[in-house]
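# Inside the fold
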Amino acid sequence: LESLKQVCKKYDATISEFMSAIILQSIHEKYLKNTDNKLPISLLIPVNVRKYFNSKTLRNFALFIRTNSKFENDITFIEILKHVKETFEVELGKEKIEARISQNINFEKNPLTRFVPLFIKGPIARIIYNKVSSKVTTLSFSNLGIVNTPKEMNNLIDRFEFMISCGKTIPINCSAVTYNNKMVFSFTSKIIERKFQEYIITRLIEENIKLVVETNDLEAK
């Protein structure tokens, strides 16, 4: 974690901003550069809203921000990172967050949806997600941040791992979690080829970030 923090400080970026930029750069370089594909790269990033409203609720209190990015072939990492930072700044403004929360509450209080039984709303929500949301998302990156445990447990736990599922329309996802000065960055993938993962690992090494690579891939060599 410390070597990653030093690099982020050099770029004046948070860990989530820096890693999001690395992910976008990897997609651009390995899949879209010098092609006729004009579709944007849409990175979906869950955000813990508790810290913005000083809330200690145990309920799910998160929103999503999305980067819709169309890059020129010769775009640099610095330019990608600038785009990511601007997106974070706009989407995480308190007024923008409050507006989105109000929108969600209004939907929940709508008489047309409020009294619909959960066993009906659940399948409908999944259908909408599969038909609409999942098709406008390239992949997700979820950073849980730092996990804290009682100090008596610190020497008993080596690390935490956190992974999010992938599917047919979103075949690769990324996630991260930190414990005891060690961040575990994970890939979940339905695709055998690994050029996306290899590019990210190479970029982190180029930035002199100390890391260990592990895999459970039977295909890995």
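Residues numbered from 1 in each chain as written. Predicted model: local features only at pLDDT ≥ 70, side-chain atom pairs only at ≥ 80, totals over all residues. Heavy atoms only, no water.

### Observations regarding the overall build of the chain
To keep it simple, the criterion reads: For the purposes of this entry, the term helix denotes a DSSP run of H or I that reaches at least four residues, the term strand denotes a run of E that reaches at least two, and both are numbered from the N terminus. Each residue is assigned to one of three classes by its accessible area relative to the maximum for its type, calculated with a 1.4 Å probe on protein chains only: buried under 20%, partly exposed between the two thresholds, exposed over 50%. By definition in these notes, contact holds between two residues if any of their heavy atoms fall within 4.5 Å.
Secondary structure assignment for the chain yields eight helices and five strands. Counting from the amino terminus, helix and strand elements in the chain follow one another as α-α-β-α-β-α-α-α-α-β-β-β-α. Among the 221 residues that make up the chain, the fraction classed as buried is 34%. Long-range contacts, defined here as pairs at least 24 residues apart, represent 61% of the contacts in the chain between residues at least 6 apart.

### A few points about the packing of helix H2 (residues 15-32) against helix H8 (residues 195-206)
As a reminder, the rule being used: Every angle, taken between N-to-C directions, lies between 0 and 180 degrees, and every axis is a line fitted to C-alpha atoms, over only the stretch in contact when it is a helix. Put simply, angles under 35 degrees are roughly parallel, angles over 145 are roughly antiparallel, angles from 65 to 115 are roughly perpendicular, and the rest are oblique. Here is the rule for handedness: rotate from the far helix to the near one, and if that takes an anticlockwise turn smaller than a right angle the crossing is left-handed, while a clockwise turn gives right-handed. Put simply, Ala, Val, Leu, Ile, Met, Phe, Trp, Tyr, Cys and Pro go in the nonpolar bin, Asp, Glu, Lys and Arg in the charged bin, and everything else, Gly too, in the polar bin.
Running from N to C, H2 and H8 point in directions that differ by 130°, and their axes come no closer than 9 Å. Taken together, H2 and H8 sit at an angle that is classed as oblique. With respect to the hand of their crossing, H2 and H8 are arranged in right-handed fashion. Contacts between H2 and H8 involve Phe 18, Met 19, Ile 22, Ile 23, Gln 25, Ser 26, Ile 27, Glu 29, Lys 30 and Tyr 31 from the former and Lys 195, Phe 196, Tyr 199, Ile 200, Arg 203 and Leu 204 from the latter. Looking at the contact of H2 with H8, its residues break down into ten nonpolar, two polar and four charged.

### Here's the deal with the sheet that holds strand E2 (residues 62-69)
Hydrogen bonding along the main chain pairs the strands of a sheet, whether they run parallel or antiparallel. Let me state the cut-off plainly: Here, any two strands with at least 2 DSSP bridges between them count as paired.
The sheet built from five strands is open, its strands ordered E2-E1-E3-E4-E5 with mixed pairing. Only two strands of the sheet have a single neighbouring strand rather than two, namely E2 and strand E5 (182-189). Direction aside, the axes of adjacent strands within the sheet are offset by 20° on average. As paired elements, strand E1 (residues 41-48) and E2 share eight bridges and run antiparallel to each other. When the bridges of E2 are listed, Ser 42 appears paired with Asn 68.

### Observations concerning the nonpolar core
Rules: To form a nonpolar core, buried Ala, Val, Leu, Ile, Met, Phe, Trp, Tyr and Cys residues must be joined to one another through side-chain atoms within 4.5 Å.
The biggest cluster of nonpolar side chains holds 44 residues, and the ones touching the most others in it are Phe 18 and Ile 23. Ranked by the residues each element gives to this core, the list is headed by H2, at nine residues.

### Things to note about unusual backbone geometry
Not every positive phi belongs to a glycine, and Asn 34 is a case in point at roughly 60°. Position of Asn 34 relative to the elements: it lies in the loop between H2 and E1. The backbone of Asn 208 shows a phi angle near 65°, a positive value even though the residue is not glycine. By secondary structure assignment, the location of Asn 208 is in the segment after H8.

### Some points on helix H4 (residues 77-91)
In an α-helix there are 3.6 residues to a turn, and that puts residues three or four apart on one side. Heads up, the rule is: A helix is expected to reach a length of 1.5 Å times the quantity of its residues less one. Here the arc refers to the directions that run from the helix axis out to each C-beta atom.
Between the first and last C-alpha of H4 there are 21 Å, a value that for 15 residues agrees with the 21 Å anticipated at 1.5 Å per step. Three or more residues of H4 are buried, namely Phe 77, Ile 80, Leu 81, Val 84, Thr 87, Phe 88 and Glu 91. In an axial view of H4, the angular spread of the buried residues amounts to 120°, which keeps them on one side of the axis. Seen from the buried face of H4, the exposed residues on the opposite side, beyond 90 degrees, are Ile 78, Lys 82, Glu 89 and Val 90.

### Side note on the packing of H2 against H4
Relative orientation of the contacting elements H2 and H4 amounts to 125°, with a least axis distance of 9 Å. As far as their axial angle goes, H4 and H2 are oblique. Judged by the twist between their axes, the crossing of H2 over H4 is right-handed. Residues Ser 16, Glu 17, Phe 18, Ser 20, Ala 21, Ile 22, Leu 24 and Gln 25 of H2 lie in contact with H4, whose contacting residues are Phe 77, Ile 80, Leu 81, Val 84, Lys 85 and Phe 88. Residues of the contact of H2 with H4, tallied by class, amount to nine nonpolar, three polar and two charged.

### Describing the environment of Asp 217
If you trace the backbone, Asp 217 turns up in the segment after H8. On the basis of relative accessibility, which here comes to 24%, the residue Asp 217 falls in the partly exposed class.

### Notes on the pattern of salt bridges
Here is the rule: Salt bridge, as used here, is a side-chain nitrogen of Lys or Arg placed within 4 Å of a carboxyl oxygen of Asp or Glu.
The tally for this structure, following the rule as stated, stands at nine salt bridges. Linking Glu 29 and Lys 33 is a salt bridge whose minimum nitrogen-to-oxygen distance equals 3.4 Å. Among the residues examined, Glu 29 registers a relative accessible area of 24% and is labelled partly exposed. Across the pair Lys 182 and Asp 158 runs a salt bridge, and its minimum N-O distance is 3.0 Å. Of the two residues, Lys 182 sits in strand E5 while Asp 158 sits in the loop between strand E3 (139-146) and strand E4 (172-179), which places them 24 residues apart along the sequence.

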